[in-house]
Amino acid sequence: MKPRSFSQGFSRYNVSSIGGRLLTRRPRFRTSSSSSAASSSSSSSSSSPPPPRSRRWVQVALVTTAAAGIGAYIRSEQGSGSSTLSPSRFTPYYLVSREPVSSSGSIFTLQPPKADGSNRAVYEEAWTTGIWSVMFKQPQLQIGRDYTPLPSTSPEEEEDECLRFFIRRDPHGEVSRYLHNLDMGSPIEVRGPRVECGIPPNTQHILFVAGGTGIAPALQAAHTLLRRTDQTRKPRIHILWANRNRDDCSGGINDTVVTPAPQRSWFFGRSTPPATSPAPVASPLNQTRSLIVRELEALRAQYPGQMTVDYFVDEEGSAIGKQAILDFTKSVGLSSPKPSQDSLILVSGPEGFISYMAGPKLWAEGMELQGPLRGIIKELDLKDWAVWKL
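The following paragraphs examine the structure supplied in this document. Predicted model, so just to flag it, every value in this text is computed and none were measured. (Residues numbered from 1 in each chain as written. Predicted model: local features only at pLDDT ≥ 70, side-chain atom pairs only at ≥ 80, totals over all residues. Heavy atoms only, no water.)

### Considering the environment of Tyr-311
- Within the fold, Tyr-311 resides in strand 13 (residues 307-313).
- For Tyr-311, a relative accessible area of 2% puts it in the buried group.
- Along the backbone, Tyr-311 and Trp-241 are 70 residues apart, and their C-alpha atoms lie at a distance of 5.1 Å.
- Among residues more than four places away in sequence, those in contact with Tyr-311 are Trp-241, Cys-249, Gly-252, Ile-253, Asn-254, Val-293 and Leu-296. (Helix = DSSP H or I, 4+ residues; strand = E, 2+ residues; numbered from the N terminus. Buried < 20%, exposed > 50% of the residue type's maximum accessible area, 1.4 Å probe, protein only. Contact = heavy atoms within 4.5 Å.)

Here it is, written out as structure tokens:
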């Protein structure tokens, strides 16, 4: 995700039809929209009802459109000195913790100036809706970057109204380098929340394909979906997480037997040598587990049978291939003999990763569009699954 300059206000999503497919359009500074899991079809007449997949896709788009109004009531009641997170202005949060996750990434914990309870309703509405982010300001260059909060792991964090973020140190990233060089207690100006993708209430199955720090929105999706569990409903989420190096997902143990699928590197744009042996299904038991892996395992333990995770490591020659995707989608089909209306594939990560998996997002007339579905997901022709690029 590229840094972007500041823009005042909080625009709603605009939904338009292009070539028979609905595309979510936004001002240039926005970063996510939606796409259909099938290829574009010819435009149908306005009197014809949309096919089931289009209706399901439209539902995802409408949920996100409605979610874009989150926080509107807050703006009308907040004064300039409020400590409540707002999508219309920057609020100073303070860096209270920075824990290394790997050699290149850390978890940042930020606390608002006052823990007066005013942020709890803002956070809760965002968590209930779906996947959301906030913008951090780099004050010297007057640019900003969106980061995805991680679910809270303790009552103390919720009481202090803290937000946590998984941020990788990028040698070429102005905002990333600025954040990693800050001292404890430093102020960080934050604006949001901004809903990236609303998860419809009837969603029962999510396949989340994550690359690198794309695991943060995957944790969000799992948190939002699994909290909807009750006696009659047990939604499922399966996460495929790809990383450059093993230390990014140290200690992670696969839930399924992974067949290696060597491909050109998603991260570096070069060819990866074929693996000489199957990708490891489990890391050594004595290997230290990273913080992110521990959080994934804690969520999995909280909802047994509803969340599964598989790990892929670029330097080991393992990659997310078609079979890894089909294993989960077929299992859903076997458990639901009727055509599914509640299944969603989410893709998040570096631009090259998203392009390889589902095709690139596009810019047109100052708007960011999902663009046509391409990549290996397109080749699988998963008719009963809607696809959303984050």
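That shown, we press on.
### Describing the nonpolar core
- Counting residues in each nonpolar core, the largest one holds 37 residues, and the members touching the most others are Phe-208, Ile-239, Trp-241, Ile-292 and Leu-296.
- For this core, the leading source of residues is helix 6 (residues 215-226), giving eight residues.
- Shared between two domains, this core takes at least three residues from each, and those domains are domain 1 (91-196) and domain 2 (199-257 + 289-389).
- Leave out the neighbours within four places in its chain, and Ile-239 touches Phe-208, Ile-215, Ala-218, Leu-296, Met-307, Thr-308, Val-309 and Asp-310.
- Ranked by size, the runner-up nonpolar core spans 25 residues in total, among them Leu-240, Ile-354, Leu-382 and Trp-385. (Core = buried A, V, L, I, M, F, W, Y, C linked by side-chain atoms within 4.5 Å. Domains from an automatic or database assignment.)

### Observations concerning the packing of helix 3 (residues 120-129) against helix 6
- Where helix 3 meets helix 6, the axes come as close as 8 Å, and the angle between the chain directions of the two elements is 90 degrees. The angle between helix 3 and helix 6 falls in the class roughly perpendicular. Between helix 3 and helix 6, the residues in contact are Trp-127, Thr-128 and Thr-129 and Gln-220, His-223 and Thr-224, respectively.
- Partitioning the contact of helix 3 with helix 6 into residue classes produces one nonpolar, five polar and no charged. (Axes fitted to C-alpha atoms, helices over the stretch in contact; angles between N-to-C directions. Parallel < 35°, antiparallel > 145°, perpendicular 65-115°, else oblique. Nonpolar A, V, L, I, M, F, W, Y, C, P; charged D, E, K, R; others polar.)

### What about helix 6?
- Spanning twelve residues, helix 6 covers 16 Å between terminal C-alpha atoms, matching the ideal 16 Å at 1.5 Å per step.
- Helix 6 sits mainly inside the fold: twelve of its twelve residues count as buried.
- By the burial criterion, the buried members of helix 6 are Ile-215, Ala-216, Pro-217, Ala-218, Leu-219, Gln-220, Ala-221, Ala-222, His-223, Thr-224, Leu-225 and Leu-226. (Expected span 1.5 Å × (residues − 1).)

### Description of the pairing of strand 17 (residues 386-389)
- Burial of strand 17 is two-sided: the residues Ala-386 and Trp-388 facing one way and the residues Val-387 and Lys-389 facing the other way are all buried.
- As paired elements, strand 14 (residues 343-348) and strand 17 share four bridges and run parallel to each other. Looking at the pairing, Leu-346 lines up with Trp-388 of strand 17. (Pairing = 2+ DSSP bridges.)

### Quick look at the pairing of strand 5 (residues 105-111)
- The buried fraction of strand 5 amounts to six of the seven residues, a majority that puts the element mostly inside the structure.
- Pairing of strand 4 (residues 91-100) with strand 5, which is carried by six bridges, proceeds in the antiparallel orientation. Bridging from a neighbouring strand, Arg-98 pairs with Phe-108 of strand 5.
- Taken together, strand 4 and the strand that follows it, strand 5, pair antiparallel across an intervening segment of four residues.

Honestly, it's all geometry; don't read function into it.
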